[in-house]
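So you can see what is in the structure, the chains are spelled out below.
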Amino acid sequence: MHLYTNRMCRVMTSVLERELHLGLNLHGAGGHTAAWRWPGNSPGAFYDIEHYVRAAKHAERGKLDAVFLADTPALDPAIDKHPPLNGIEPTITLASIARETKFVGLIGSASTTYNEPYNLARRFQSLDVVSGGRAAWNAVTTSNVYTARSFGGDELSRDDRYRRAEEFVEAVRTLWHGWGEGAIILDQAAGRFGDPSRLRTTRHAGEFFDISGPLTHPGSRQGQPVIFQAGGSDQGLQFAARSADAVFSSTGDLEIALREADRLRSFASQHGRRAPLVLPGIVTFVGGTEEEAIKRKAELDDLINFDVALDALGQSFRLSCRKAEDQRANRPQLTAGTCGRCFFHWPASHCGSSRALRQNSPPDHRRGACLRAPSAGRIAGTDCRMLRRVVPGWRNRRVQRHT
């Protein structure tokens, strides 16, 4: 029995080395374009802090690893038929969530195009300290007319945006390391608060920025916030390979996703880095039965405003999609997100340290074996059926959960 028990422990340990981690995209009233119109939903959720705190507490109670906030730093004035994405500045929302939670990771988006490195580095380092080392920054570039007008000046070209983004991340990382170990002494009897020689007078001088540090306080127990990236273009992959710890992927085709993961790993290898973790997204429609879930999706789709959907399509291609009246009669079948988005990844514990993110990923993931759901990443059905489709053989595995 003793030998059998040891053997079973070894087998179970090998199974538990590969865990399924979940996160939730906090998306106002919901990720589906028409979620704000769903009966009983809160149409003003995009600026209701209690809504975000409630959702994050649900995520933590359900043992999810992180919540994520997307962001647009300026208002699209076309609010006649749909609400803004997320109205409150992400670090404010995540700081509020941090005070009401203990374990769930806090990932916030912030633009490298319309921020300055010092202010952003300070905001996210403060969030990391307040949350006890749970913060992460999703570094994104921004390109749209209304944001350029809100901040003043002209839009940057794609090449300029990504050159600025890479220098921006480098500057932020430099600022995050301005407090050396032992800088704070706190010797009340001797009257010695700190050791100025342990402060690193950091300096970054480049094409876009010429700044100095350090910041106003030291970092958290995880050292620095984890850096995410979400761009899927060639420039985005290169940016992620050089700068990111993890990458969000929204590719709807498994073969393309695997190919992009291979390219990401190749780029990272060229820069002498371990490849960032790939965190593929999946959109879910949950119901008590498969029929109920499919019906719920269809009812949500019926609430989509066709003009809003067409405008969103046009923005993706930077085109104006003005339709003729007779197109209404041949309206296509529209599908869109959902009132809840989640991503699967294999990173670290609730603490979310960048070292854990880099070192704890299983070999299969480092080879780019990222999960992707069928049907362009959209699944409708019961929770068990969806999980079986996403993770084949999941019922034969024991799922380890955080306590």
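Residues numbered from 1 in each chain as written. Predicted model: local features only at pLDDT ≥ 70, side-chain atom pairs only at ≥ 80, totals over all residues. Heavy atoms only, no water.

1. A closer look at the overall build of the protein
Helices and strands together make up the secondary structure of the protein, namely 14 helices and 13 strands. Looking at the protein as a whole, 43% of its 403 residues qualify as buried. In the protein, the share of contacts with a sequence separation of at least 24, taken over all contacts with a separation of at least 6, comes to 75%. When the accessible surface of the protein is summed, it comes to about 21300 Å², and 51% of that surface belongs to carbon and sulfur atoms. (Helix = DSSP H or I, 4+ residues; strand = E, 2+ residues; numbered from the N terminus. Buried < 20%, exposed > 50% of the residue type's maximum accessible area, 1.4 Å probe, protein only. Contact = heavy atoms within 4.5 Å. Areas by Shrake-Rupley, 256 points an atom, 1.4 Å probe, with all protein chains shown as cover.)

2. A short note on the packing of aromatic side chains
Taken as a whole and assessed by the stated rule, the structure comprises 10 aromatic pairs. Seen from their ring centres, Phe168 and Phe209 are 5.6 Å apart, and the 85° between their planes marks the pair as edge-to-face. Residue Phe168 is located in helix H6 (residues 158–176), and its partner Phe209 is located in the loop between strand E7 (203–205) and strand E8 (210–212); the two are separated by 41 residues in the primary sequence. In this structure Phe168 comes out as buried when scored by relative accessible area, which is 0%. (Phe/Tyr/Trp six-rings, centres within 6.5 Å; stacked < 30°, edge-to-face > 60°.)

3. Comments concerning the environment of Arg37
Tracing the sequence through the fold places Arg37 in the loop between strand E1 (21–25) and helix H2 (49–61). Judged by relative accessible area, Arg37 falls into the partly exposed class, the value being 42%. Distance from Arg37 to Leu300, taken between C-alpha atoms, is 8.4 Å for residues 263 residues apart in sequence.

4. Observations regarding the pattern of salt bridges
All told, the structure shown has 15 salt bridges when counted by the stated rule. When salt bridges with common partners are traced through the structure, they connect Asp160, Arg163 and Glu207 into a single cluster. (Salt bridge = Lys/Arg side-chain N within 4 Å of Asp/Glu carboxyl O.)

5. Quick notes on the confidence of the model for the protein
Should the pLDDT be low somewhere, the predicted coordinates at that spot are not to be read in detail. Within the protein, residue pLDDT values average 79, and 73% of them lie at 70 or more. Low pLDDT, under 50, characterises residues 323–377; the stretch is placed with 169 contacts to residues that sit more than four places away or in other chains. (pLDDT = per-residue confidence, 0-100.)

6. A few points about the nonpolar core
Counting residues in hydrophobic clusters, the biggest one holds 35 residues, and the most contacted among them are Val67, Ile97, Leu106, Trp137 and Trp176. Of all the elements in the fold, those that place two or more residues in this core are H2, strand E2 (66–69), helix H3 (90–100), strand E3 (105–111), helix H4 (117–130), strand E4 (135–140) and H6. Residue contributions to this core peak at eight residues, all from H6. Setting aside its immediate chain neighbours within four residues, Ile97 contacts Leu26, Tyr52, Val53, Ala56 and Leu106. (Core = buried A, V, L, I, M, F, W, Y, C linked by side-chain atoms within 4.5 Å.)

7. Looking at helix H7 (residues 234–243)
Residue pairs spaced three or four apart in an α-helix point in one direction, given the helix's 3.6 residues per turn. Turning to H7, its buried residues number three or more, namely Gly236, Leu237, Phe239, Ala240, Ala241 and Ser243. On its buried side, H7 packs onto E4, H6, strand E9 (226–229), strand E10 (246–249) and helix H8 (254–270).

8. Let's talk about the environment of Gly236
Secondary-structure assignment places Gly236 in helix H7. Spatially, the C-alpha atom of Gly236 lies 7.5 Å from that of Tyr162, the residues being 74 residues apart in sequence.

9. A few points about the packing of H4 against H6
At a minimum axis distance of 9 Å, the contact between H4 and H6 shows a crossing angle of 55°. Taken together, the axis directions place H4 and H6 in an arrangement best described as oblique. As H4 packs across H6, the resulting crossing turns out to be right-handed. Counted together, Pro117, Tyr118, Leu120, Ala121, Phe124 and Gln125 of H4 and Phe168, Ala171, Val172, Leu175 and Trp176 of H6 form the full contact between these two elements. For the contact of H4 with H6, a count of residues per class yields 10 nonpolar, one polar and no charged. (Axes fitted to C-alpha atoms, helices over the stretch in contact; angles between N-to-C directions. Parallel < 35°, antiparallel > 145°, perpendicular 65-115°, else oblique. Left-handed = near helix turned anticlockwise from the far one by under 90°. Nonpolar A, V, L, I, M, F, W, Y, C, P; charged D, E, K, R; others polar.)

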